[in-house]
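Structure assessment
What follows is the residue order along each chain.
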Amino acid sequence: MGPRILVTGALGQIGTELVVALEAKHGRGSVIPTDVREAPNCRILDVMDAEGIISMVNDESVTDIYHLAALLSATGERNPELCWKINVEGLENIIAAAKANNCRIFAPSSIAVFGPDCPSIAPQVTPLNPSTVYGKTKVVCEQLVMTSEVDIRGLRYPGLISYKAPAGGGTTDYAVEIFHAALSDGHYTCFVREDTRLPMMYMDDAIRATLELMEVPTEKLGGARGGYNIAGCSFTVGELVASIERHLPEFTCTYEPDVRQKYADSWPNDIDDDVARMEWGWNPEFDLDGMVDAMFAGLQA
Ligand code: NAD
Ligand code: SER
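Rules used throughout
Residues numbered from 1 in each chain as written. Chains lettered and ligands numbered in written order. Predicted model: local features only at pLDDT ≥ 70, side-chain atom pairs only at ≥ 80, totals over all residues. Heavy atoms only, no water. Pairing = 2+ DSSP bridges. Helix = DSSP H or I, 4+ residues; strand = E, 2+ residues; numbered from the N terminus. Contact = heavy atoms within 4.5 Å. Axes fitted to C-alpha atoms, helices over the stretch in contact; angles between N-to-C directions. Buried < 20%, exposed > 50% of the residue type's maximum accessible area, 1.4 Å probe, protein only. Parallel < 35°, antiparallel > 145°, perpendicular 65-115°, else oblique. Left-handed = near helix turned anticlockwise from the far one by under 90°. Nonpolar A, V, L, I, M, F, W, Y, C, P; charged D, E, K, R; others polar.

Moving on: the sheet that holds strand E6 (residues 109-110). The sheet built from 3 strands is open, its strands ordered E6-E9-E13 with parallel pairing. Of all strands in the sheet, those with a lone pairing partner are E6 and strand E13 (228-229), marking the two edges. Where strand E9 (residues 155-157) meets E13, 2 bridges bridge the pair, whose relative direction is parallel. When the sheet's bridge partners are listed, leucine 155 is paired in E13 with tyrosine 228. Where helix H7 (residues 203-215) meets the sheet, its contacts fall on E9 and E13, and the angle it forms with E9 comes to roughly 175 degrees.

Structural data, given as structure tokens:
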């Protein structure tokens, strides 16, 4: 018998691509995509519905849960109580169902666990004092991962860049929106300053990291398993604009920073991912220009 894989939040930016990758790896019938929103080939499951999760895990003999349902930073700061409920209580509900059925869990964390006191290149181990509610929920989720008796693994994803689904209400969404605006209008008004530098990653690298982490034997994973730092490419908006201009020389970008500038400024510029590299061989493939080329190829296809 192969794995039976439940994916929560499957209609989001990551789920849209992770479901396809899991189906390619384990077979189409092995994956059960779920979300609180309706869509073809996706079952309704609200991660606040503890009983509903237990029923689905039991009825479908689920062995692995990829738990992607969450509110991201920008949406979360507008709805802090809901953000806490969905992100923290949602994970608690998933852990309870997994415990009863001996399931493994993938539960992503984020660069938002770091706060203004973090060094500009974030080490794996450093005080975690985020200033956003979203970041606080991710710190608590990492602690839940480490204290539960379930095999749970997590990655501190950087801002993810992809073209198959829209970005889901985060601070790093500008690095996705800019491509759509460049192609449709030749212009983008960016909500953070030109010199804002954040850790980012192309979705193909993020999906590969996820699949690779879940392949690692438990005994090889150390104290970072609640949220491994993984780096992709780190760049300022100005550097992103310059890379886009290689494809569209007439492209222009102007800057009107809003409240999301504050969240971006509280996060590190780059990520030290030595622990993930040493423990399970993490290695990113996409640099800034490689990511930009892949985005244009995907959007223009
Ligand atoms: P997203 O916002 O694109 O997707 C989240 C999905 O969860 C949506 O489809 C939404 O409908 C669903 N959802 C919301 N409330 C729900 C509920 N109560 N029950 C079930 N489903 C619900 O987010 P994403 O970018 O795919 O992120 C997935 C995970 O990765 C999150 O934990 C997020 O914090 C983390 N992450 C994402 C990024 C990124 O840049 N995308 C970076 C760091 C970490
Ligand atoms: N990309 C995410 C956000 O901006 C980081 O977790 O919220």
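Position of threonine 34 among the secondary structure elements: in strand E2 (residues 31-35). Residue threonine 34 is classed as buried on the basis of its relative accessible area, which comes to 0%. Once you skip the residues sitting within four places of it in the chain, threonine 34 turns out to touch Leu6, Val7, Thr8, Gly9, Ala10, Cys42, Arg43, Leu45 and Met56.

This brings us to the packing of helix H1 (residues 15-26) against H7. Between H1 and H7, the least distance of the axes is 10 Å, while the angle of their chain directions is 50 degrees. With respect to each other, H1 and H7 are oriented oblique. In this structure, H1 meets H7 at a crossing whose hand is right-handed. The segment H1 lies against H7, with Glu17, Leu18, Ala21, Leu22 and Lys25 engaging Met203, Asp204, Ile207, Thr210, Leu211 and Glu215. By residue class, the composition of the contact of H1 with H7 is 6 nonpolar, 1 polar and 4 charged.

Another point: the sheet that holds strand E10 (residues 159-161). One open sheet holds the 3 strands; their spatial order is E10-E12-E14, and the pairing between them is mixed. Edge strands, defined here as strands with exactly one partner in the open sheet, are E10 and strand E14 (233-236). Here the average twist between neighbouring strands, direction ignored, is 45 degrees. Relative to E14, strand E12 (residues 197-202) runs antiparallel, the two being bridged by 4 bridges. In the sheet register, arginine 197 faces E14, and the bridge partner there is threonine 236. Against the sheet, helix H6 (residues 174-185) makes contact with E10 and E12, and its axis sits at roughly 25 degrees relative to E10, the strand it touches most.

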